[in-house]
Every structure is written in structure tokens, then in C-alpha cells.
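Listed here are the chains, written in short residue letters.
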Amino acid sequence: MKKLHSLMTVMSLCAVTQINAANLEELNTKYDQLINEIATMQEKESASSVMDRVSIGGYGKMDYIKYLDDDDATDKLDIYRAILYVGYQFTDNIKFVSELEWEHGGREKTGGYGIVEQAYLDFTLNEMASVKLGHVIVPVGYINLYHEATAFNAVNRPEVEKYIIPSTWHENGAILHGSISDIAYQIGIVAGLNAGQGSEVRAMRQSGQKSKADDFGIVARVDYQGVPGLMLGASVFTGDASQGDNTLDGVSTTIAEVHAGYKIQGFAIRGLYAMSQVDDAAKVAQKLEKNASGKGVGYYLNASYDINEHFTPFIRYETYNRFDEKYNQEGTEVPADDDVTNTVIGLNYQPTKNVILKVDYMIRDNKGEDDNRIELGTAYVF
């Protein structure tokens, strides 16, 4: 009996062992499956988390220009701009912002190009202040800051904000920005203009391309935003521009503007006055052996009315002078150029939000010469 009991005990233990082994193998298989499922879920969650932090947008425009008075000008159909915005939110307080632009199709041998217009980190310090660090838009003017193709009525931007304010103006530096009560502000430091590469401020832009930084510029801007529909502000940039060239010692630049606007019940009016000043511009003229601008001035007014959600007629008047103070290649001051005056009358059709089809007629007095044009264009932003 004792032997039989022992044998039964051994057999029972073997059966239990077999059952436990089978269960253990099954549990291991299920554990491996669970681990794989968790890993897959984590990968999907990680990929989703990354994409949730990415932002993508863009804008663009295509233009057709029919020249009516200039027999030497060739009519143009141009894919003027195609822009891609890409951003990334690292944390609640740190984000990356970029703007990549291709102009005139992007092919260099036919006059196109690609360029980085913005690429900066934005650090939120508190509710009233943040800091941009990197390649930034210099916060001067209206169109320079809000330059999407849907931000202005006509097919093309005001020329005042092309030649007096050298839009689009972007440079390497740091900008402190934010709002205090009803005042939005921006103040910062960027690489200065380079007088050795151009006879007027537009040609002095370095655009962050290995920018010379012997001289920096200070920029400041304020905008009042306390009344719905009202836009009111001003900005100024100033800095030396010799960038280490001893023959240009004393050359400095200042660009300043004031802007205002009001919108009520579909009617909108906006205006801007700007000036640019190059001190010791005679040295620039002698250095480059060409006419140089000591001062540029200009202004524009734009009025529009939204008939409904689709149609907006508008009119824009501007006058400006890139060489209101002018020096010849010997460094002698000579009579200023005549003004350029543009009157643009047109109509915008918006088939859906953020898409605009434009047509306008430009009455252009180019320093006393007629240069009238018909312009057609598309504009979009997303």
C-alpha cells in the first residue's frame, strides 16, 4: 500500500507539472502577443503625437500682366510665388516657425529662385512676452509683415512697400514681441543692411545669407488694437551699414513708417506713409560708381467694399520717390527723380474662403511716362 500511495503521488505531481508547463507556454505566448500589441500601440501613439505637433500651411499667386504703353515690355504670365509654411510645437512654450518661398517658378537661369524667408524658434516667456530667435521678418510696414497674397486687394503689392520699405524684408536676429493691454509690440536686433552691395535700401538687404554682422540694426514696432476694426501703428529701423568697409564709415540707414486703417460693415480703408534715409549716401555712390539714394519717401491709400461674401471692388492710390535725395557717382548731390504715381482700380472675386481671383487696371505715371497695365491674378492661402 505504501508503494502504491507513493506511485500515485508521483503520477499526480507529473500531471500537475504537465498542466503547469502547458499553461506556462500558453501564458508566455499570450504575454509575447500583448507586448507586441503594446509596442504597436506605442508606435502609433508616438507617430500621432509627432504629427499633432506639426503644422503645415502656405500661400501663392499667379499673375498675368498686359503692358498697354511700353512697346519694349513683354506681357507676362508668371507663377510669381509659391510658399510653404512648416512649424513644430516642441513644448507648450517652444515652437519652430518656417516659411520657404519659391519665386518666378524657382528656376535660377530664368530669373526664379528659392529662399528661406523665416526659420526661427519662438520661446514664450509669459502671457505678455515671447522671443523669436533665428531668421525673422523685420517688423516694419504692413505688407512686409502680412504679405500673403490674400492680404492685399490688387494683383500686386503696393510699390511703396517694395522700394521704400524693402519688402519682403527678412534677416537673422532676435525679436521680443507680445501685448500689454491694448498695445502689441515688437522690439529686436538684426543684422544690419549692407551699403556696399546696393545704392538704395532694397538692394542693401542681406536676407540672412551669410549676413555680415559688423553692424546691427535696432527695430521697434507698436500697434494699437483697442478698438474693433481699427488699425493704428508705427515702426522704425535704424543702424549702421558699412559692415566693416572703411570707405563707407559713417553710412547708416533709417526706415520708418506709420500705418492706419478702419473696417466697418464691409467698408475698409487703409493707408501707410514711409521714408528711408541713408546718411553719407555720397560715399555709397562713389563706392559703387552709380547713382545712390539718400532719401526715399512714399505713401498709399487703399479703399474697398465687400458687396457680399464673393465680390469686393477696390481702389488704391500711391505715390513715391526712391531717389528723393540723389547723389551721382562722383558723390555730388543732383536733382531728385520725379515721382512714380499708381492708381489701381479693380475687382476681387472670392469663390470660397481663402481663394481670390483678381482683376485690375493700373494707371501708372512712371516719372512722367505713361506705363498703364491690365493685371489678372490668382491668390490663395491655407
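### Considerations on the overall build of the chain
Secondary structure assignment for the chain yields three helices and 18 strands. Every one of the 382 residues in the chain was classed for burial, and the buried ones make up 42%. Nonlocal contacts in the chain, meaning residues at least 24 apart in sequence, comprise 59% of its contacts between residues at least 6 apart. Summed over its atoms, the accessible surface of the chain is roughly 20500 Å², and 57% of this surface lies on carbon and sulfur atoms.

### As for the packing of aromatic side chains
Across all of its chains, the model carries eight aromatic pairs by this definition. Ring plane angle 70 degrees and centroid distance 4.9 Å describe the contact between tyrosine 88 and phenylalanine 90, whose orientation is recorded as edge-to-face. Of the residues examined, tyrosine 88 reaches a relative accessible area of 23% and is grouped as partly exposed. For phenylalanine 90, a relative accessible area of 42% puts it in the partly exposed group. Here the aromatic rings of tyrosine 299 and tyrosine 317 are separated by 6.3 Å at their centres, their planes lie at 50 degrees, and the arrangement is tilted. Taken together, the residues tyrosine 299 in strand β12 (residues 292–305) and tyrosine 317 in strand β13 (residues 311–327) connect sequence positions 18 residues apart. Take tyrosine 299: its relative accessible area is 33%, and that puts it in the partly exposed class.

### What to know about the nonpolar core
Ranked by size, the top nonpolar core spans 37 residues in total, and within it Val140, Leu193 and Phe237 carry the most contacts. Elements supplying a minimum of two residues to this core: α2 (160–164), β9 (230–240), β11 (267–279), α3 (281–288), β12 and β13. In terms of residue count, the dominant contributor to this core is α3 (four residues). Once you skip the residues sitting within four places of it in the chain, phenylalanine 237 turns out to touch Val138, Val140, Trp169, Val190, Gly192, Leu193, Gly217, Ile218, Val219, Thr253, Thr254 and Ile255. Membership of the second largest hydrophobic core comes to seven residues, among which are Ile83, Ala149, Ile356 and Val381.

### Examining the pattern of salt bridges
If you walk through the whole model with that rule in mind, you get 16 salt bridges. For aspartate 337, the salt bridge identified is with lysine 326, shortest N-O distance 2.8 Å. Highlighted residues: aspartate 337 in the loop between β14 (333–334) and β15 (340–352) and lysine 326 in strand β13, separated in sequence by eleven residues. The salt bridge involving aspartate 337 is made with lysine 367; its shortest N-O contact spans 3.2 Å. A residue pair is termed long-range when its members are at least 10 positions apart, and aspartate 337 in the loop between β14 and β15 and lysine 367 in the loop between β16 (355–366) and β17 (369–370) qualify at 30 residues. Taking relative accessible area as the criterion, aspartate 337 reaches 17% and is therefore assigned buried. One salt-bridge network, held together by shared partners, links Glu159, Arg364, Asp371 and Arg373.

### Observations regarding α3
Looking at α3, one finds that the buried residues are Ala281, Ala282, Val284 and Ala285. Across the axial projection of α3, the buried residues extend over an arc of 160 degrees, all falling on one side. Here the buried face of α3 lies against β11, β12 and β13.

### Remarks on unusual backbone geometry
Cis peptide bonds are those with omega within 30 degrees of zero, and the linkage from serine 167 to threonine 168 qualifies with -10 degrees. As for its position among the elements, threonine 168 is in the loop between α2 and β6 (170–180). Of note in this structure, serine 181 is not a glycine but carries a positive phi near 60 degrees. Locating serine 181 in the fold gives a position in the loop between β6 and β7 (183–191).

### Comments concerning the side chain of glutamate 159
With respect to the helices and strands, the residue glutamate 159 is situated in the loop between β5 (129–137) and α2. Once you skip the residues sitting within four places of it in the chain, glutamate 159 turns out to touch Ile164, Glu318, Tyr320, Val340, Asn342, Met362 and Arg364.

### Examining the side chain of asparagine 342
Summarising the element assignment, asparagine 342 is placed in strand β15. Overall, the relative accessible area of 1% leaves asparagine 342 in the buried class. Separated by 3.0 Å, the side chains of asparagine 342 and arginine 364 make a polar contact. With residues near it in sequence (within four places) discarded, asparagine 342 still touches Glu159, Arg316, Tyr317, Glu318, Tyr320, Met362, Ile363 and Arg364.

### Examining the confidence of the model for the chain
In regions of low pLDDT, the predicted coordinates are not meant to be interpreted in detail. When pLDDT is averaged along the chain, the result is 92; 88% of the residues meet or exceed 70. Counted against residues more than four places away or in other chains, residues 1–19, with its pLDDT under 50, gives zero contacts.

### Structural notes on the environment of aspartate 92
Residue placement: aspartate 92 occurs in the loop between β2 (76–89) and β3 (94–103). The spatial distance from the C-alpha of aspartate 92 to the C-alpha of threonine 124 is 8.2 Å, given a sequence separation of 32 residues.

### Description of a negative patch on the surface
A cluster of acidic side chains, namely Asp69, Asp70, Asp71, Asp72, Asp338, Asp339, Asp365, Glu369 and Asp370, defines a negative patch on the protein surface. Along the chain, aspartate 72 turns up in the loop between β1 (54–67) and β2.

Cut-off values and rules
- Residues numbered from 1 in each chain as written.
- Predicted model: local features only at pLDDT ≥ 70, side-chain atom pairs only at ≥ 80, totals over all residues.
- Heavy atoms only, no water.
- Helix = DSSP H or I, 4+ residues; strand = E, 2+ residues; numbered from the N terminus.
- Buried < 20%, exposed > 50% of the residue type's maximum accessible area, 1.4 Å probe, protein only.
- Contact = heavy atoms within 4.5 Å.
- Areas by Shrake-Rupley, 256 points an atom, 1.4 Å probe, with all protein chains shown as cover.
- Phe/Tyr/Trp six-rings, centres within 6.5 Å; stacked < 30°, edge-to-face > 60°.
- Core = buried A, V, L, I, M, F, W, Y, C linked by side-chain atoms within 4.5 Å.
- Salt bridge = Lys/Arg side-chain N within 4 Å of Asp/Glu carboxyl O.
- Arc of directions from axis to C-beta.
- Polar contact = N/O pair within 3.5 Å; in protein donor to acceptor, adjacent residues only side chain to side chain.
- pLDDT = per-residue confidence, 0-100.
- Patch = residues over 30% accessible without salt bridge, like charges linked within 9 Å, V, L, I, M, F, W, Y side chains within 5 Å.
- Lys, Arg positive; Asp, Glu negative; His and termini not counted.
- Charge placed at Lys NZ, Arg CZ, Asp CG, Glu CD.

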